[in-house]
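# Fold and contact review
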Amino acid sequence: EEVVCGQIVDSNAAWLSQHLTDLGFAVKRHTAVGDDLNDLASLIREIADRADCCICTGGLGPTVDDLTAEAAAIAANQELRFDEAAMRQIEAYFFRRQRTMPGINRKQAYFPREAIRIDNPIGSAPGFALHIGRCWFVFLPGVPSEMKAMFPSVQTQLQARFELNPGCLVTLRTEGIGESAIQQLLQEVVLPGEVLLGFRAAPDEVQTKLRFPAGFPPGEIQLIARQLADRIGDYVFAVDGVAGEQGGDLLTVIDKLMSARQSTLASLETASGGLLAAKCQGRDWLESAMIAKDSIDAAGLLTVRSEHQIPDSENDTTETVRHLAGELRRQRRTDLALVQLFQGSSDDYRHQGGSIVLYNGLQTGTGFYYSRHRLSGIPQTKQNQAALLSLDLLRRYLQDKCH
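Residues numbered from 1 in each chain as written. Predicted model: local features only at pLDDT ≥ 70, side-chain atom pairs only at ≥ 80, totals over all residues. Heavy atoms only, no water.

### Brief notes about the overall build of the chain
Helix and strand content of the chain: 13 helices and 15 strands. Principal axes of the C-alpha set define a box for the chain whose edges measure 85 × 55 × 40 Å. Here the chain holds 403 residues, and 45% of them are scored as buried. Within the chain, residue pairs in contact and separated by at least 24 positions form 62% of the contacts whose partners lie at least 6 positions apart. Within the chain, one finds 40 positive and 50 negative side-chain charges whose respective centroids are separated by 3 Å. (Helix = DSSP H or I, 4+ residues; strand = E, 2+ residues; numbered from the N terminus. Buried < 20%, exposed > 50% of the residue type's maximum accessible area, 1.4 Å probe, protein only. Contact = heavy atoms within 4.5 Å. Lys, Arg positive; Asp, Glu negative; His and termini not counted. Charge placed at Lys NZ, Arg CZ, Asp CG, Glu CD.)

### Some points on the sheet that holds strand 8 (residues 196-202)
Here we have four strands laid out as an open sheet, ordered 8-9-7-10, and antiparallel in their pairing. Because the sheet does not close on itself, it has two edges, and the strands there are strand 8 and strand 10 (236-240). Neighbour-to-neighbour, the strand axes of the sheet open up by a mean angle of 20 degrees, direction not taken into account. (Pairing = 2+ DSSP bridges. Axes fitted to C-alpha atoms, helices over the stretch in contact; angles between N-to-C directions.)

### Describing the pattern of salt bridges
Counted by the stated rule, this structure contains 19 salt bridges. Residue Arg134 is joined to Asp52 by a salt bridge in which the shortest nitrogen-to-oxygen separation is 2.7 Å. Highlighted residues: Arg134 in the loop between strand 5 (127-132) and strand 6 (135-140) and Asp52 in the loop between helix 2 (37-50) and strand 1 (53-57), separated in sequence by 82 residues. Overall, Arg134 belongs to the partly exposed group, its relative accessible area being 44%. Note that Asp347 and Arg350 form a salt bridge whose closest N and O atoms lie 2.6 Å from each other. With Asp347 and Arg350 both in helix 12 (residues 346-350) and three residues apart, the pair spans about one turn of that helix. Where salt bridges share partners, they join Arg29, Glu46 and Arg50 into one cluster. (Salt bridge = Lys/Arg side-chain N within 4 Å of Asp/Glu carboxyl O.)

### Section: the environment of Gly365
Note on placement: Gly365 falls in the loop between strand 14 (355-363) and strand 15 (368-376). With relative accessibility at 60%, the residue Gly365 sits in the exposed group. Taking C-alpha positions, Gly365 is 7.2 Å from Leu336, a pair spaced 29 residues apart along the chain. In this view, Gly365 contacts Arg329 and Asp335; residues no more than four positions away in its chain are not counted.

### A word on the packing of aromatic side chains
Each aromatic ring pair is specified by the distance between its two centres and by the angle formed by the two planes. Taken as a whole and assessed by the stated rule, the structure comprises twelve aromatic pairs. Each ring, one from Trp15 and one from Phe151, has its centre 5.4 Å from the other, and the planes form 85 degrees; the classification is edge-to-face. Residue Trp15 is located in helix 1 (residues 11-23), and its partner Phe151 is located in helix 5 (residues 144-161); the two are separated by 136 residues in the primary sequence. Accessibility expressed as a relative area gives 2% for Phe151, which makes it buried. With 4.7 Å between their ring centres and 25 degrees between their planes, Phe128 and Phe139 make a pair best called stacked. A residue pair is termed long-range when its members are at least 10 positions apart, and Phe128 in strand 5 and Phe139 in strand 6 qualify at eleven residues. One aromatic cluster is present, built from ring pairs that chain together Phe111, Phe128, Phe137 and Phe139. Over the ring of Tyr397 we find Arg261, and its NZ or CZ is 5.3 Å from the ring centre. Lying over the aromatic face of Tyr235, Arg396 brings its terminal NZ or CZ to 5.3 Å of the ring centre. (Phe/Tyr/Trp six-rings, centres within 6.5 Å; stacked < 30°, edge-to-face > 60°. Lys NZ or Arg CZ within 6 Å of the ring centre and 35° of its normal.)

### Focus on helix 5
Across its 18 residues, helix 5 extends 24 Å between first and last C-alpha, which sits within 8% of the 26 Å expected from 1.5 Å per residue. At Phe151, helix 5 shows its maximal kink, close to 40 degrees; a proline, Pro152, follows between one and four residues later. Inspection of helix 5 places Glu146, Met147, Met150, Phe151, Val154, Gln157 and Leu158 among the buried residues, and these make up the whole buried set. Against helix 1, strand 1, strand 4 (116-118), strand 5 and strand 6 lie the buried residues of helix 5. (Expected span 1.5 Å × (residues − 1). Bend = angle between axes of the 7 residues up to and from the residue.)

### As for the nonpolar core
With 31 residues, the main nonpolar core has Ile44, Ile47, Phe128, Leu130, Ile132, Phe137 and Phe139 as its most contacted residues. Every element with two or more residues in this core is listed here: helix 2, strand 1, helix 3 (68-76), helix 4 (84-96), strand 5 and strand 6. The next biggest cluster of nonpolar side chains, apart from the first, holds 24 residues, and it includes Leu250, Leu286, Leu393 and Leu398. (Core = buried A, V, L, I, M, F, W, Y, C linked by side-chain atoms within 4.5 Å.)

### Points about the confidence of the model for the chain
When pLDDT is averaged across the chain, the result is 93; 97% of the residues are at 70 or more. Model confidence for the chain, summarised as mean pLDDT per element, is weakest for helix 10 (residues 295-301) at 75 and strongest for strand 6 at 98. Here residues 304-310 scores under 50 on pLDDT; set against residues more than four positions off or in separate chains, the count is eleven contacts. (pLDDT = per-residue confidence, 0-100.)

### Focus on helix 7 (residues 218-232)
Between the first and last C-alpha of helix 7 there are 21 Å, a value that for 15 residues agrees with the 21 Å anticipated at 1.5 Å per step. Summarising the contacts, the buried residues of helix 7 are in contact with strand 7 (168-174), helix 6 (179-185), strand 8, strand 9 (205-212) and strand 10. Once helix 7 finishes, Gly233 follows within two positions and takes phi at roughly 90 degrees, a positive value.

This is how it looks when you write it as structure tokens:
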């Protein structure tokens, strides 16, 4: 009921779909239904006629709104049966916590007559599985931690019952480019008909996804992934799912490269308001993180030579970033210094309709690298994009993609 009414988000469906797809299932549909016995039983019957497998979560608790076992029994035309082993496990759950088991928890030990019990190693609600119609149903608790703890045994069941041929998912991970721009760059690429192309715009990156069917030659997968990565260009910071390619999110990629080079970094941020440092928290290579609310603050945090004025134009800002990055690296004695300034008023930053111009500068031992971006949206979006685009300049340098 909470999912249907929008009180909670169904994270179970996303997690299960990913793992089932990796096993080789073709996930076709997600369905949510409220706590109504007739609706539940009707939906189970419908699924039983069209699917080979269905994983259900929720409704296995002891209260009056937990109706899944009863609905499954109705749909399967089976009576509910008391499971002694399940009852012992529920009692043991309360005993370990030195709590008295309420009598209503006995309800959780009743399953449809032909069901196979699935033990719950961390919670009070066992799951169960059975055939209804053409479909193998698995019923698990709705609590995500319990569902995930029980899934390994479910996976073993599924692999024994189904002939699964998992395909291959390749993900090109990009920063600083939108999905429509990626689609435009890939417009003339002709993919084999059995290869599916898709996109996902996440808060911290845009993903271009290629799903290859089972048995697709690994060499061709590598060639196609490289062709698309070359088309998209330096925006690609990682490729997941291809042997020999570096994968992971932006911070994982940067962390590996910084650690391999044994480099240290000092940062000075304005538009991201400390989020850049927060994203890098716990990384040994971030030796110094400074935060200023604007370019005047930033200039004040470091000793600025008299010939450098507070910026009021693009050229001034570029030169100020260059100077501050050099001063920061010198003062903090780090290998690299990353400086972030922006042009725009407080109103431009705070209001959704306003935009700011972000300037990033990276001073290294051999040169200075620079990027400029216009940011818009709500303040939280500007803040997050500022942090990510500053870090992406660092990533480009580490991957030898700065021009």
